[in-house]
Amino acid sequence: MDGRVWQIVVDSFGKLLIPGITVTIPLTLVSFAIGLALAIIVALTRVARTPVLTQIAQFYVWVFRGTPLLVQLFVIFFGLPSIGVTIPAIPSAIIAFSLNVGAYASETLRGAIEAVPRGQFEAGYATNMSYVTIMRRIVLPQAFRSAFPALFNTFISLVKDTSLAANITVVEMFMTAQRITAVYYEPLALYLEVGVIYLLFCTVLTWVQHWCERRLAAHS
Amino acid sequence: MDGRVWQIVVDSFGKLLIPGITVTIPLTLVSFAIGLALAIIVALTRVARTPVLTQIAQFYVWVFRGTPLLVQLFVIFFGLPSIGVTIPAIPSAIIAFSLNVGAYASETLRGAIEAVPRGQFEAGYATNMSYVTIMRRIVLPQAFRSAFPALFNTFISLVKDTSLAANITVVEMFMTAQRITAVYYEPLALYLEVGVIYLLFCTVLTWVQHWCERRLAAHS
Amino acid sequence: GSSSSSTSALQEVKNKGTLVFGTEGTYAPYSYHDSKTNKLTGYDVDVATAVAKDLGVKAEFSEANFDSLLASVDSKKTDSVANEITTTAERKAKYDFTEPYAYSYGVVVTRKSDNSIKSFDDIKGKKDAGQNGSNWAKVAQDKGATLVQVNDFSQAVETLTSGRADVIVNDGLAVLDYLKQKPNADIKIAVKSEKTPAAHFPLRKGSDDLTEAINKSIAKLRKDGTLKKISEKYFGEDISTK
Amino acid sequence: MITIRDVHKRFGEHDVLTGIDLDIPHAATVTVIGPSGSGKSTLLRVIDVLEHADSGTIDFGDGPVDLATRDKATIRDIRSRIGFVFQNYNLFANKTALQNVTEPLIYAQGKSRKEAEAIGREQLDRVGLADFADRYPSTLSGGQQQRVGIARAIAAKPELLLLDEPTSALDPEMVGGVLEVIRQLASDGMTMLMVTHEMRFAREASDHVVFFEHGGIVEQGTASDIFDHPSQPRTAEFLQSFAS
Amino acid sequence: MITIRDVHKRFGEHDVLTGIDLDIPHAATVTVIGPSGSGKSTLLRVIDVLEHADSGTIDFGDGPVDLATRDKATIRDIRSRIGFVFQNYNLFANKTALQNVTEPLIYAQGKSRKEAEAIGREQLDRVGLADFADRYPSTLSGGQQQRVGIARAIAAKPELLLLDEPTSALDPEMVGGVLEVIRQLASDGMTMLMVTHEMRFAREASDHVVFFEHGGIVEQGTASDIFDHPSQPRTAEFLQSFAS
Ligand SMILES: Nc1ncnc2c1ncn2[C@@H]1O[C@H](COP(=O)(O)OP(=O)(O)OP(=O)(O)O)[C@@H](O)[C@H]1O
Ligand SMILES: Nc1ncnc2c1ncn2[C@@H]1O[C@H](COP(=O)(O)OP(=O)(O)OP(=O)(O)O)[C@@H](O)[C@H]1O
Ligand SMILES: [Mg+2]
Ligand SMILES: [Mg+2]
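This one's a predicted model, so the numbers in the text were calculated from it and none came from an experiment. (Residues numbered from 1 in each chain as written. Chains lettered and ligands numbered in written order. Predicted model: local features only at pLDDT ≥ 70, side-chain atom pairs only at ≥ 80, totals over all residues. Heavy atoms only, no water.)

Thoughts on the overall build of chain D
Note the following rule: Runs of H or I in DSSP of at least four residues are treated as helices and runs of E of at least two as strands, each being numbered from the N terminus. Radius of gyration means the value over C-alpha atoms here, while the globule rule gives 2.2 Å times the residue count to the 0.38 power. Exposure is judged per residue with a 1.4 Å probe applied to protein chains only, and the accessible area is read against the type maximum: over 50% gives exposed, under 20% gives buried, and values in between give partly exposed. The contact criterion used throughout is that any non-hydrogen atoms of two residues lie within 4.5 Å. Counting rule applied: Lys, Arg positive; Asp, Glu negative; His and chain ends not counted. Just so you know, the charge point we use is NZ for Lys, CZ for Arg, CG for Asp and CD for Glu.
For chain D, the helix and strand inventory stands at 9 helices and 10 strands. For chain D, the C-alpha radius of gyration of 18 Å lies close to 18 Å, the compact-globule estimate for 244 residues. The principal-axis extents of the C-alpha atoms in chain D amount to approximately 50 × 40 × 35 Å. Split into buried and exposed, the 244 residues of chain D put 61% on the buried side. Residue pairs in contact within chain D that sit at least 24 positions apart in sequence constitute 63% of those at least 6 positions apart. Separation between the mean location of the 24 positive side-chain charges and that of the 35 negative ones in chain D comes to 7 Å.

Examining the interface of chain A and chain B
Where we set the bar: In this description, buried area is defined as the sum, over both parts, of the accessible area (probe of 1.4 Å) that is lost when the two are combined. By definition, a salt bridge exists where a carboxyl oxygen of Asp or Glu is found within 4 Å of a side-chain nitrogen of Lys or Arg. Contacts described as polar in this section are N or O atom pairs within 3.5 Å, which, within protein, must combine one atom able to donate a hydrogen with one able to accept it, while residues neighboring in sequence count only if both atoms come from side chains.
With 46 residues of chain A at the contact, the number on the chain B side is 47 residues. Around 3,700 Å² of area is buried between chain A and chain B when both sides are counted, 64% of it from carbon and sulfur atoms. One salt bridge in this structure joins B:E213 and A:R110, with 2.9 Å as the shortest N-O distance. At the junction of chain A and chain B, the tally comes to 24 residue pairs in polar contact (both at pLDDT 80 or more). Broken down by secondary-structure element, the contributors of at least two residues to the side of chain A that touches chain B are α2 (51-66), α3 (69-79), α4 (89-115), α6 (131-161) and α8 (187-218) of chain A. Sort the elements by how many residues they give to the side of chain A that touches chain B and α8(A) lands first, with 14 residues.

So, the coordination of the magnesium ion (ligand 3)
Residues and elements named next belong to chain D. Heads up, the rule is: A donor here means any N, O or S atom no more than 2.8 Å from the metal (3.2 Å for Na, K and Ca); water is not included, so a site may seem to lack partners.
At this site the magnesium ion (ligand 3) is bound by S41 (OG) and Q87 (OE1), with donor distances of 1.9 to 2.3 Å. Of this pair, S41 sits in helix α1 (residues 40-47) while Q87 sits in the loop between β6 (82-85) and α3 (97-107), and the two are 46 residues apart along the sequence. Of the two residues examined, S41 and Q87, each falls in the buried class.

Digging into the pattern of salt bridges
Between side chains of opposite charge, a pair can form as their charged atoms come close. Summed over all chains, the structure comprises 56 salt bridges over all chains. The residue B:R179 makes a salt bridge to C:E63 at a minimum N-O spacing of 2.9 Å. You can see B:R179 sitting in helix α7 (residues 173-184) and its partner C:E63 sitting in strand β4 (residues 58-63), one on each of two chains. Between C:D121 and C:K143 there is a salt bridge, with the nearest N and O atoms lying 3.4 Å from each other. One end of the pair, C:D121, is in the loop between β7 (102-111) and β8 (127-131); the other, C:K143, is in the loop between α5 (135-142) and β9 (146-150), with 22 residues separating them in the sequence. According to the relative accessible area criterion, C:K143 is partly exposed, its value standing at 34%. Salt bridges sharing partners connect three or more residues here, namely A:R46, A:R65, A:E107, A:R110, A:E114 and B:E213.

A short note on the relation of the copies chain A and chain B
Quick note on the threshold: The copies were overlaid by least squares, fitting only the C-alpha atoms of residues that reach a pLDDT of 70 or more in each copy.
Placing chain A over chain B gives an RMSD of 0.1 Å and needs a rotation angle of 180 degrees, together with 0.0 Å of translation along the axis. Here the transformation between the copies is reduced to the relation of a two-fold axis. If distances are taken from each C-alpha of chain A to the rotation axis, the shortest is found for A:A150, at 3.2 Å. Interface residue correspondence from chain A to chain B reaches 100%, placing this contact among same-surface, isologous pairings.

Encoded structure:
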């Protein structure tokens, strides 16, 4: 890497980090939190096999897992105004990302819940706990443990998927890298740089994951 | 939707389906197959806690989960030539996608393997099976069962992520939609259309998932 | 870059018999796919083809997103880019550029009902739906507009018509192409600018003889009316000269 | 008197319960004995609606309730009156020994955490596990887990306690201890239905013994009727075998 | 003679095995009895290296082997000579009853599938489960699972068979059956180390009985020594309790 490129990389670091910290991170955290809450509800609904609700949940998962996130963003941001619903960019992004996370994470959780030994449910029933209590106190905590790495997959994916928000006018980190590229024409260097910053963010998440895993492992 | 837009959508269907069938589907299937094989090896390596190999596996997962897929594609296709390794576009895409799937799916599998009751390992050890045999015949089949929905998450994500191959000159379905948009300026309609085609592909995968889940459930 | 180690850039091109251009293929009418034949076409494509022919080699095109076009040149997968590339001081530090093969003018686009914009100076304080670090976005920002980030012209129009931006500053000919496709769109051209050089072929640093040769070709094609003919095919007017 | 009538259950083609009628007098201990696979566990599971009976009723004294019911409220009402000690313990894997006892008290009975912990410690003490309150099930021996299961089931003071081989993992001293617990529960008025393979224990603990085979009742009577004067040759044969 | 020497094992602060020495004569059945939590299961697990001992050796007659070893080949060599019946069965959840027996034969012993199935069916028949060959563990009763576990362990014809409460889920008839199996194995020359809570079974099945408490051996001797003339007051107390 010659001096000029190096200089560009150094000068860009701050410019990239700012949208990283002010957009990528909050967008990720908020969307994941909402998405995870949604995922739990959807997973429970699917496991419960209640007639109508389960079908609705299944339909939701089918659509939001099966279509590209970019299309979901587009429809929410550019499509809804045509039926009179205009949502600003950031809320649109949060809605799309949360719905997407909800669909994926609910499947992960469903698999993990179904793998909890039946005896755990039965012990809960036998002690006359309600279905919801059994789920909340006994089954979900055990399901989370095995689903943890896969849930963090979704989390870490989301960190990077937030870059799609650029398509609905949100100035985020990747787009900023592209903008700098458009000035200096150094795509590879800038992509590498932005890649390193994403890696930094994801490293923190990986730490959190491993820390939580160790804690959960201690409790069983 | 007015007549003109409808006409564009109808005319585009074939043009989109062709790269869908000739590029998106084979790219997805090949990359997922390789990635899953890789994931099994990596997950086993991580669970086994052998000194050096485990660290290598952990490093690999860290890098390929932590950086954007687009950057990985860029580095493999545009970066490697500078050190004398030039790989054509489709193989580059397959390499990047496989490595990415390998990183994500290995984490899912690791979680599922760790959730298999210790007694299953112990029974295997007590009957003097080798570690590899226990994994292959006893533990992995049980782990796969709970990991199934999460693995299909990765699979279904990949279907749509293959669109990133457009960045390294692979003409795939989403890129084709953008080309048509460039002529007719109807992004929303075309994105919706391409979204429906992706949904079609993913629906088939969802069926496969549910069919496999039912089969696995019957066997336990 | 340093490609002039043993053989010259021109010699290399002649040896392999092809001149490879990167292009987006999604930028009508400069580089796009014909809706009937599905073949890559457009002003830039045709000019690049003519230049290659004049050099006695075949033109080849490699399609990808914009950043990839540049990376392709860097990794020697392509020789140049035919995608309405303009020059700036920063860009000249990275690449050699040929003489311009197209001139264009900028326009300010507004919603039909908006009569507040009479000159480029009126966009001060307005929200401009601009593309990803493009020259036009820079022009707008220099005039005091704030940027609403979009990825392509269609998105810019959606953003404008849904009230999320006030103006679009962009290439006039691209806007005309859009209006040709969608005459009923709720947009109009409010202001036009002077014509300026709009398209050059970038080449890796050190490709002096190749730059020279392409420059000669452009001059020749301009002189013998080839460029004018191509231009009129796509625009109904000559954009190959000032 | 708790009465169970005409309970049927099949798994696929396999008739596991073929019309069971059973009377469990108040404060009595009724024991079911019989060969492996004869449907003893299934009977207990069906009574607690952990498995849906194909048909059958239970009557706690206030009218028969359908054991094949799918009605949530009915099922929860049945379960609220019953405690269950599982053959394979089924302790909550993510809870300590103490929490295994207190969780149901807090979350199913609505007791305060403090009250629940007091009860929990008392019950763990009763089964000799006061020192193991904070251990997770995976670090407990088989007998320790079984005792936690017993403590959990009796802590809720159910009307009917179902015990599925409550002493299978226990050493003789502990069996003696559990016998003591059961006698005390009985004298406190607890009604119990128990499955056990330990004939000596069955004899000492039960008021009434039921001999079960192929999902049906072969013979029943007082402990001494069954053990000392069985009327059916099959019963005699079963009891003559090894460990009677 | 298989000799076990000076086995130590602690969990955290808890000394579970405090220096166990044990001689198991060839073709003999040695039984360990003792209170719940005294370390009986742990002893068996340490012998099969399912748990690493802190120290201790086992000698099959060809020199002592370190039970604290981490060497894979050594561990596999030890395990290849040992069969294990688990207290909680530990059947392979994704395999049928028959496959539970045949998998180790095929994949650890290298037998052909055909040969393995012949052996598997023979062993299932021996424990009375010929009709249950194709059932998955989750659909088997407790006693049925336990018998599959026994069939799996003996199918490999180990030099030493470890049995952790092999009759805990079995009815008296089955206990008699298993006793028969064990006697036959002993007469075929199998050496066995067993943990059981059923004193009558221990007395009938064992050549040698070891009384265990707090991770140490209190007393050992022939079955009649221990049961009829215990020398230690603690042994006598334990045996006097409930079900001796
Ligand atoms: N993983 C572990 N961590 C901590 N303590 C353990 C662990 N496993 C067992 N223990 C403790 O070690 C002691 C001995 O356990 P072990 O299972 O050997 O007992 P046991 O004699 O087999 O009892 P039982 O007759 O009840 O099966 C018990 O007090 C138990 O709580
Ligand atoms: N889910 C199931 N699917 C099919 N068959 C089952 C299922 N559960 C139990 N069975 C069968 O029903 C019969 C009765 O089982 P149950 O567990 O009630 O026996 P049990 O009398 O408790 O035996 P044990 O003394 O061995 O515990 C057994 O033959 C068993 O294989
Ligand atoms: Mg049972
Ligand atoms: Mg034990």
